[in-house]
Amino acid sequence: MEQRKHSILAPSSKEWPHCGYATRFLATKKEETNDAAEFGSECHLLSEMYIRKSLKLEDYESDDKRSIEEVKSGFKHYSEEMETLANGYANYVISTYDYEAKRTGTKPIILIEQLLDMDYAPDTHGTLDCGIIAGDTLTIIDNKTGYVKVTAYSEELKELNSQLGIYGYYAYKCFKDLYPIKKIRFVIYQERIHNISEYTITSEELEKWHQDFLLPAAKVALSDNPEAKTGSWCRYCPGRNVCRKRAEENISTASKLKKPEIMTEAEIEELLPKLDSLVSYIDDIKSYCLK
């Protein structure tokens, strides 16, 4: 079966929820792959197979009847590290499943690599790594294989991780009429850097997030003239090297630089948070020009 492509407003995109103008760049972004992305995809598949084998879960939608060893033999990036990452994530999911079974005294519902259709934008969908429904709690677990730390809640932005929020809301929407879900627990599992980040909200708070944050952000992103906004999300945007708004912001920051000894503490304090963005912008421009 041909794999469905992400929409422009994919749940995994970190740009458009904050900068609607990023859709201009996302719309023309070419589908690319690299070693890190391929490694992550293979690691996710291996983890899935370990979880299904341990919990005796049948994948009725797949015609692939290969053994785990046969699948591994076809991997391009298989290594001892991948084995460690896949086992770590699989063990975490299984232990969470077992804990929820003991906590509630009932067998939880578990979703592995579950495709979710979404209606905040046209032809939008995403694949949930893991969802566990036990009692009144829906646990959303997202497996990350990169080196950059990811959190379920951003202290910098004071907001829920948008990818987790989207997965959580649409999994909740799909099952809320069947199960008495009152709490949604979000988990980022990142074995590579030993990071486990959690955040829990109520179903009412998640519905409010959907109405007050997600839908307005999608409306702006799909509008004819969305405004460009700069922030930490710029580093993920395919237009980060050519965005005029980002250039103007960083040139403005650079124009305020003086010799530190003649700056007031207030001036230094104001500039300090912007310097990382300025350095990142300079590196991006250098890399873009050299390419």
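Refer to the preceding data block for the structure.
What counts as what
- Residues numbered from 1 in each chain as written.
- Predicted model: local features only at pLDDT ≥ 70, side-chain atom pairs only at ≥ 80, totals over all residues.
- Heavy atoms only, no water.
- Helix = DSSP H or I, 4+ residues; strand = E, 2+ residues; numbered from the N terminus.
- Buried < 20%, exposed > 50% of the residue type's maximum accessible area, 1.4 Å probe, protein only.
- Core = buried A, V, L, I, M, F, W, Y, C linked by side-chain atoms within 4.5 Å.
- Contact = heavy atoms within 4.5 Å.
- Pairing = 2+ DSSP bridges.
- Axes fitted to C-alpha atoms, helices over the stretch in contact; angles between N-to-C directions.
- Expected span 1.5 Å × (residues − 1).
- Parallel < 35°, antiparallel > 145°, perpendicular 65-115°, else oblique.
- Left-handed = near helix turned anticlockwise from the far one by under 90°.
- Nonpolar A, V, L, I, M, F, W, Y, C, P; charged D, E, K, R; others polar.
- Polar contact = N/O pair within 3.5 Å; in protein donor to acceptor, adjacent residues only side chain to side chain.
- 1 Å grid on protein atoms, 1.4 Å probe; cavity = no way out; pocket = protein on both sides within 12 Å on 5 of 7 lines; lining within 4 Å.
- Points joined across faces, edges and corners; volume = space filled by probe spheres on them.

A.B. asks: Got a minute to help me understand unusual backbone geometry in this structure?
C.D. replies: What you tend to see is this: most non-glycine residues have negative phi, and most peptide bonds are trans. At lysine 56, a residue that is not glycine, the phi angle is positive and equals roughly 55°. Looking at where lysine 56 falls in the secondary structure, it is placed in the loop between α2 (35-55) and α3 (68-73). On the basis of relative accessible area, lysine 56 is assigned to the exposed category, the value being 74%. Here glutamate 113, not a glycine, exhibits a phi torsion of approximately 50°, which is positive. Along the chain, glutamate 113 turns up in strand β1 (residues 109-118). Glutamate 113 gets classed as partly exposed once you look at its relative accessible area, which sits at 26%.

A.B. asks: Looking at this model, I keep getting lost on the nonpolar core. Mind explaining?
C.D. replies: Burial of nonpolar side chains together is a common tendency in soluble globular proteins. Ranked by internal contacts, the top residues of the largest apolar core, which has 43 residues, are Trp16, Tyr120, Ile140, Phe186 and Leu206. Mapped onto this core, the elements with two or more residues apiece are α1 (22-26), β1, β2 (124-134), β3 (137-143), α5 (162-175), β6 (183-190) and α6 (203-221). Tallying contributions element by element places α5 first for this core, with eight residues. Ignoring anything within four residues of it in the chain, the contact list for tryptophan 16 reads Ile8, Leu9, Ala10, Ala22, Thr23, Leu26, Tyr120, Ile166, Leu214, Ala217, Ala218 and Ala221. Counting residues in hydrophobic clusters, the runner-up holds 26 residues, among them Leu46, Tyr50, Phe75 and Tyr92.

A.B. asks: Explain the sheet that holds β6 to me, please; I cannot follow it from the model alone.
C.D. replies: Each strand in a sheet pairs with its neighbour through backbone hydrogen bonds, running either in the same direction (parallel) or in the opposite one (antiparallel). Spatial ordering of the open sheet is given by β1-β2-β3-β6-β7, a layout of five strands whose pairing is mixed. Of all the strands in the sheet, just β1 and β7 (195-202) have a single pairing partner and so form its edges. The sheet shows a mean angle of 30° between the axes of neighbouring strands, taken without regard to direction. For β1 and β2, the ladder comprises nine bridges, and the chain directions are antiparallel. Bridge pairing in β2 places leucine 116 opposite glycine 126. The strands touched by α2 within the sheet are β1, β2 and β3, with β1 carrying the most contacts at an inclination of about 135°. Sitting on the sheet, helix α4 (residues 80-104) is in contact with β1, β2, β3, β6 and β7, with an inclination near 45° to β2.

A.B. asks: Teacher, can you tell me more about α2 here?
C.D. replies: Because the α-helix completes a turn every 3.6 residues, residues three or four places apart line up on one side. Taking 1.5 Å per residue as the helical rise, α2 with its 21 residues ought to reach 30 Å, and the 30 Å between its terminal C-alpha atoms agrees with that figure. The first or second residue beyond α2 is lysine 56, which carries a positive phi of 55°.

A.B. asks: How should I be thinking about the packing of α2 against α4 in this particular structure?
C.D. replies: For any two helices packed against each other, the geometry is given by the interaxial angle and the distance between the axes. Close contact between α2 and α4 brings their axes to 8 Å; oriented N to C, the two are set at 45°. In terms of axis orientation, α2 runs oblique to α4. Taken as a pair, α2 and α4 cross one another with a handedness that is right-handed. Residues Phe39, Glu42, Cys43, Leu46, Ser47, Tyr50, Ile51, Ser54 and Leu55 of α2 pack against Glu81, Met82, Glu83, Leu85, Ala86, Asn87, Tyr89, Ala90, Val93, Ile94 and Tyr97 of α4. Split into classes, the residues belonging to the contact of α2 with α4 amount to 14 nonpolar, three polar and three charged.

A.B. asks: Please clarify how the side chain of histidine 44 should be interpreted in this entry.
C.D. replies: The residue histidine 44 is located in helix α2 in this model. One polar contact links the side chain of histidine 44 to the main-chain carbonyl oxygen of asparagine 143, over a distance of 3.1 Å. Those residues within four positions of histidine 44 in sequence are excluded, and the remaining contacts are Glu113, Asp129, Asn143 and Thr145.

A.B. asks: Any chance you could explain the pairing of β7 here in plain terms?
C.D. replies: In the case of a regular strand, side chains alternate between the two sheet surfaces. Pairing geometry for β6 and β7, over eight bridges, is antiparallel. Bridging across to β7, isoleucine 184 finds its partner in isoleucine 201. The turn joining β6 and β7, which pair antiparallel and follow one another in sequence, is formed by four residues; a positive phi near 55° is taken by histidine 194.

A.B. asks: I'm lost on the layout of surface pockets in this one. Help?
C.D. replies: Empty pockets left among the atoms are what a rolling probe the size of a water molecule brings to light. The space that makes up the second largest pocket amounts to roughly 510 Å³. Those elements that provide at least two residues to the lining of the second largest pocket are α7 (244-255) and α8 (265-290). The residue inventory of the lining of the second largest pocket, partitioned by class, reads four nonpolar, eight polar and seven charged.

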